[in-house]
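# Descriptive structure summary
This is what each chain is made of:
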Amino acid sequence: MTASSLPSRAVRYHEFGGPEVLLIEQLEAAPPGEGEVRVRFAAGGLNPVDWKIRSGRSRIQLPLPVAVGREFSGVVEAVGPGVDDLSVGDAVFGSIPQGAFADLVVAPASVVARVPEGVPLEVAAGLALAGQTAWDALESQHLQQGDVIVVSAAAGGVGGMLCQLAVARGLRVIGTAGPANHGWLRSRGIEPVLYGEGLHERLAAAAPEGITAVFDQAGAETIEAALAFGVPADRINTIAADASAYGVRNVGRGAVHPPTLDALAALVADGTLDVPIAATYPLSEVRAAFEFLEAGRLRGKVVVTAD
Ligand SMILES: NC(=O)c1ccc[n+]([C@@H]2O[C@H](COP(=O)([O-])OP(=O)(O)OC[C@H]3O[C@@H](n4cnc5c(N)ncnc54)[C@H](OP(=O)(O)O)[C@@H]3O)[C@@H](O)[C@H]2O)c1
């Protein structure tokens, strides 16, 4: 360990596979460099991409060993040269390409934002990837009053926020979910529809006047139902299937954009955006956290927290 690096446990794996390949390793965190901050980890949001890469079957291929975790929250404990808008003690959240599940996270200050008063760190931990994805996908369609949209996996990490952002704009939102999530969707102004066989008929019954845009977080079924329904391909966005195979759009999260993170956090703070925490696990139980996520039935975000 060099003089100014500090011990930091991190979640990593050295081979692709199931949750059992996840290890907690004793590493060290470097001091923050130019434009960077070092954050004492409080919580991290799990995302399907984390296990897809871990499985070895993702189109995203990372060299081994892979350091796990893309979104996090915590408290700034050191500030590098050139950082003048963040200070030691600030509660922040953000997203990095890998390695966010560690006691200490070194990140560019340009990919973090402050956690406002009243927003729990566990909730903030799910905003920088899932939240900004929802925001960027919704923005890409330039929706207007009168649009009727369908959102699949409407109670999931991305879908849940996308639905609520759309409701806040006064749009009519139909969301697909399992029965256990229909009550929550209704409570947020979203009309629930069961996914699975017969989806096309249920959508036709829910929106006889037509659907003007579709945001898919679940895969082929929603896209096929939307195309059969006559929704134009350029009004269908998927982040969960091969968009090119259907000729539909594929807008996911763009570069991390702190003003968007600020806007998302402000919407959580004022109650517009409810981000349920489906489950929390201490970092030392990260395998169990992934098992829960990968089971596929949840509402909101799965979060790991500092032990
Ligand atoms: N390109 C990007 O920028 C980007 C960013 C983030 C995520 N993604 C991708 O987007 C997808 C969604 O991510 P996420 O974080 O929102 O996932 P998530 O939170 O794990 O999604 C869980 C939700 O999926 C729902 N679900 C499961 N099977 C379903 C089915 N057959 N039809 C409809 N809904 C179903 C579940 O509904 P019930 O519990 O109600 O049954 C659950 O609420 C993933 O494929 C992810 O990799 C892409």
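It should be emphasised that the depicted structure is a prediction, and the values quoted were computed from it without experimental measurement. Residue positions within a chain follow its written sequence, with the count starting from 1. Predicted model: local features are reported for residues with pLDDT of at least 70 only, side-chain atom pairs are reported and counted for 80 or more only, and whole-chain, interface and lining totals are derived from all residues.

### A look at the overall build of the protein
What counts as a helix is a DSSP run of H or I of at least four residues, what counts as a strand is a run of E of at least two, and both are numbered from the N terminus. In terms of helices and strands, the protein carries ten helices and 15 strands. We take the radius of gyration over the C-alpha atoms and set the globule estimate at 2.2 Å times the residue count to the 0.38 power. For the protein, whose C-alpha radius of gyration is 20 Å, the value lies close to the compact-globule estimate of 19 Å for 307 residues. For the protein, the spread of C-alpha atoms along the principal axes amounts to about 65 × 40 × 30 Å. Neighbour density around each residue's C-beta defines its exposure: 20 or more other C-beta atoms within 10 Å make it buried, 12 or fewer make it exposed, and counts between make it partly exposed, where C-beta atoms are placed from the backbone. Expressed as a percentage of the 307 residues in the protein, the buried residues total 47%. Residue pairs in contact within the protein that sit at least 24 positions apart in sequence constitute 64% of those at least 6 positions apart. Contacts are defined on C-beta atoms placed from the backbone: any two residues whose C-beta positions lie within 7 Å are in contact.

### Here's the deal with the site of the ligand
For each residue, a C-beta atom is placed from the backbone, and the residue is labelled near a molecule or strand when this atom is within 6 Å of it. For the ligand, the set of nearby residues contains 27 residues, the closest of which are Gly156, Gly157, Gly178, Ala218 and Gly252. Listing elements by their share of the shell around the ligand, those giving two or more residues are α1 (48-55), α3 (127-139), α4 (157-168) and β10 (172-177). Per-element tally for the shell around the ligand: the top contributor is α4, with three residues. Here the nonpolar group is Ala, Val, Leu, Ile, Met, Phe, Trp, Tyr, Cys and Pro; Asp, Glu, Lys and Arg are the charged ones; every other residue, Gly included, is treated as polar. Counted by class, the shell around the ligand contains 13 nonpolar, twelve polar and two charged residues. What counts as a domain boundary in this text is fixed by an automatic or database domain assignment. Each of domain 1 (6-129 + 256-305) and domain 2 (141-246) gives at least three residues to the shell around the ligand.

### Comments concerning the pairing of strand β1 (residues 6-13)
Two strands pair if DSSP finds at least two bridges between them. Of the strand pairs in this sheet, β1 and strand β2 (residues 23-29) are connected by seven bridges, and their pairing is antiparallel. Residue pairing across strands places Ser8 opposite Leu27, the latter belonging to β2.

### Remarks on the packing of α3 against helix α9 (residues 258-269)
For helices, the axis comes from a line fit to the C-alpha atoms of the stretch in contact; other axes are also lines fit to C-alpha atoms, and the angle between any two N-to-C directions lies between 0 and 180 degrees. In the contact formed by α3 and α9, the axes pass within 10 Å of each other and the chain directions differ by 95°. Here α3 lies roughly perpendicular to α9, going by the angle between them. Across from Leu127, Ala128, Gly131, Gln132 and Trp135 in α3, the residues of α9 making contact are Thr260, Leu261, Leu264 and Ala265. Here the residues of the contact of α3 with α9 are counted per class, giving six nonpolar, three polar and no charged. Any angle between 65 and 115 degrees counts as roughly perpendicular, while under 35 counts as roughly parallel, over 145 as roughly antiparallel, and the rest as oblique.

### Side note on the packing of α3 against α4
The interhelical angle for the contact between α3 and α4, taken along N-to-C directions, is 50°, at an axis separation of 8 Å. Viewed along their axes, α3 and α4 adopt a mutual orientation that is oblique. Every pair of crossing elements has a handedness; the one defined by α3 and α4 is right-handed. Between α3 and α4, the contacting residues are Ala130, Gly131, Thr133, Ala134, Trp135, Ala137 and Leu138 on the first element and Gly157, Val158, Met161, Leu162, Leu165 and Ala166 on the second. Class assignment of the residues belonging to the contact of α3 with α4 gives a composition of ten nonpolar, three polar and no charged. Here a crossing is taken to be left-handed if its near helix is turned anticlockwise relative to the far helix by less than a right angle, and right-handed if that turn runs clockwise.

### Description of the domain arrangement of the protein
One widely used convention gives an interface's size as the accessible area the parts lose upon coming together. Structurally, the protein comprises domain 1 (6-129 + 256-305) and domain 2 (141-246). At the interface, eleven residues of domain 1 touch eleven residues of domain 2. Within the side of domain 1 that touches domain 2, the residues separate by chemical class into three nonpolar, four polar and four charged.

### Things to note about the sheet that holds strand β12 (residues 213-216)
As summarised here, the arrangement of the five strands in space is β11-β10-β9-β12-β13, forming an open sheet in which the pairing is parallel. For this open sheet the edge positions go to β11 (191-194) and β13 (236-238), each flanked by a neighbour on one side alone. Sheet twist, expressed as the mean angle between neighbouring strand axes with direction ignored, is 20°. Relative to the sheet, α4 contacts β9 (148-151), β10 and β12, its axis offset from that of β10 by approximately 165°. Packing of helix α6 (residues 199-206) onto the sheet brings it into contact with β9, β10 and β11, and relative to β11 it is tilted by some 155°.

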